[in-house]
Amino acid sequence: AAGSAGGGQTCALTPAGGVKCWGLNDYGELGDGTNTGRNTPVDVVGLNSGVATVSAGYYHTCGVTTGGGVKCWGSNWAGQLGDGTSTNRYTPVDVVGLSSGVVAVSAGAGHTCALTTGGGVKCWGANSSGLLGDGTTTFRSTPVDVVGLSGGAAAVSAGYDHTCAVTTAGGSKCWGLNSYGRLGDGTTTNRYTPVDVVGLTSSVAAVSAAGWHTCALTTVGAMKCWGRNDGGQLGDGTTTNRYSPVDVVGLSSGVAAVSGGNYHTCALATADGIKCWGV
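Structural notes, computed from the coordinates.

Thresholds applied
- Residues numbered from 1 in each chain as written.
- Predicted model: local features only at pLDDT ≥ 70, side-chain atom pairs only at ≥ 80, totals over all residues.
- Heavy atoms only, no water.
- Helix = DSSP H or I, 4+ residues; strand = E, 2+ residues; numbered from the N terminus.
- Rg over C-alpha atoms; globule rule 2.2 N^0.38 Å.
- Buried < 20%, exposed > 50% of the residue type's maximum accessible area, 1.4 Å probe, protein only.
- Contact = heavy atoms within 4.5 Å.
- Areas by Shrake-Rupley, 256 points an atom, 1.4 Å probe, with all protein chains shown as cover.
- Lys, Arg positive; Asp, Glu negative; His and termini not counted.
- Charge placed at Lys NZ, Arg CZ, Asp CG, Glu CD.
- Phe/Tyr/Trp six-rings, centres within 6.5 Å; stacked < 30°, edge-to-face > 60°.
- Pairing = 2+ DSSP bridges.

Our focus in this paragraph is the overall build of the protein chain. When helices and strands are tallied, the protein chain shows zero helices and 23 strands. On C-alpha atoms alone, the protein chain measures out to a radius of gyration of 17 Å, which is about the 19 Å that the 2.2 N^0.38 rule sets for 279 residues. With respect to the principal axes defined by its C-alpha atoms, the protein chain has extents near 45 × 40 × 30 Å. Looking at the protein chain residue by residue over its 279 residues, the buried ones come to 52%. In the protein chain, the proportion of contacts linking residues at least 24 apart, taken out of those at least 6 apart, comes to 46%. Accessible surface, the protein chain as shown: approximately 10600 Å² in total, 49% of it carbon and sulfur. On the protein chain, the mean spot of the 13 positive side-chain charges and the mean spot of the 15 negative ones are 2 Å from each other.

Here it is, written out as structure tokens:
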């Protein structure tokens, strides 16, 4: 079963396509109809089957059904559940306008983004730093299109205050808050629409937008990271913040997957298993 770890909760898919969650539950992020923390997995109400993927954000969780719809639950202070309100939900609600046609979802801190079957990206929730990519800083309680990614996206990753995507051409684009250089465009200027990551206009297989840094996996299995580095989370052997991608030492090939947290990063290496660095 696939799983996803969020700010205080963890959720997993069952073999039957259901969702079970455990951990903190202050805002209903476990989806069991309560706000009681759970030390063991509980069923998400109404999602015993028919779920294809799940993504746990900081205080909310979202899933994509096998029919391509999106459902979310938990904290909703910024509209990150996409149901047109700012009301916390202890059980799943439908994201407005996304009852079908979605292949993946990524839940961040106060926002959520979805990848559509047509290669578009839609985001909703908090937007003070432009992390919804619609060219504004207006919060949205229902999905809006990310500018310039109406048909050219292959993957999306929502971080704490920024978002990144992989294009169908293998490039990486990011938008939102850019302190520490987490957007990888060589600056610390916030971007309200997607910008290219320096040097990564092709050959990108996956991207992970973390708390204050970002990492990418290339098609040859190499890892590159950029952004905040005070804990060594970029893996380049320094603690210097980087405004554009740097190579992760010792991981120039053989990486199959990547995931970033606030101050650490982990990679799944085909030969050596899971490797992590940072604090």
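After presenting the structure, the write-up continues.
A word on the packing of aromatic side chains. A full pass over the atoms with the stated rule returns five aromatic pairs. A centroid spacing of 5.4 Å and a plane angle of 70° characterise the contact between Tyr27 and Tyr59, whose relative ring orientation is edge-to-face. A residue pair is termed long-range when its members are at least 10 positions apart, and Tyr27 in the loop between strand 3 (19-23) and strand 4 (38-43) and Tyr59 in the loop between strand 5 (51-56) and strand 6 (60-65) qualify at 32 residues. For Tyr27, a relative accessible area of 33% corresponds to the partly exposed category. For the pair Tyr58 and Tyr160, a centre-to-centre distance of 4.9 Å together with 80° between the ring planes defines the contact as edge-to-face. With Tyr58 in the loop between strand 5 and strand 6 and Tyr160 in the loop between strand 13 (153-158) and strand 14 (162-167), this residue pair connects regions lying 102 residues apart in the sequence.

What follows covers the pairing of strand 18 (residues 213-218). Counting buried positions along strand 18 gives six out of six residues, so the element sits mostly inside the fold. By the alternation rule, side chains of strand 18 split into His213, Cys215 and Leu217 and Thr214, Ala216 and Thr218, which are all buried. Relative to strand 18, strand 17 (residues 204-209) runs antiparallel, the two sharing five bridges. Along strand 18, the bridge assignment pairs Ser208 with Cys215. In this antiparallel pair of consecutive strands, strand 17 and strand 18, the connection spans three residues. Bridge count between strand 18 and strand 19 (residues 223-227): five bridges; the pairing is antiparallel. Following the sheet pairing, Leu217 is matched in strand 19 by Met223. In this structure, the hairpin formed by strand 18 and strand 19 is closed by a connection of four residues, where Gly221 is found at a positive phi of approximately 85°.

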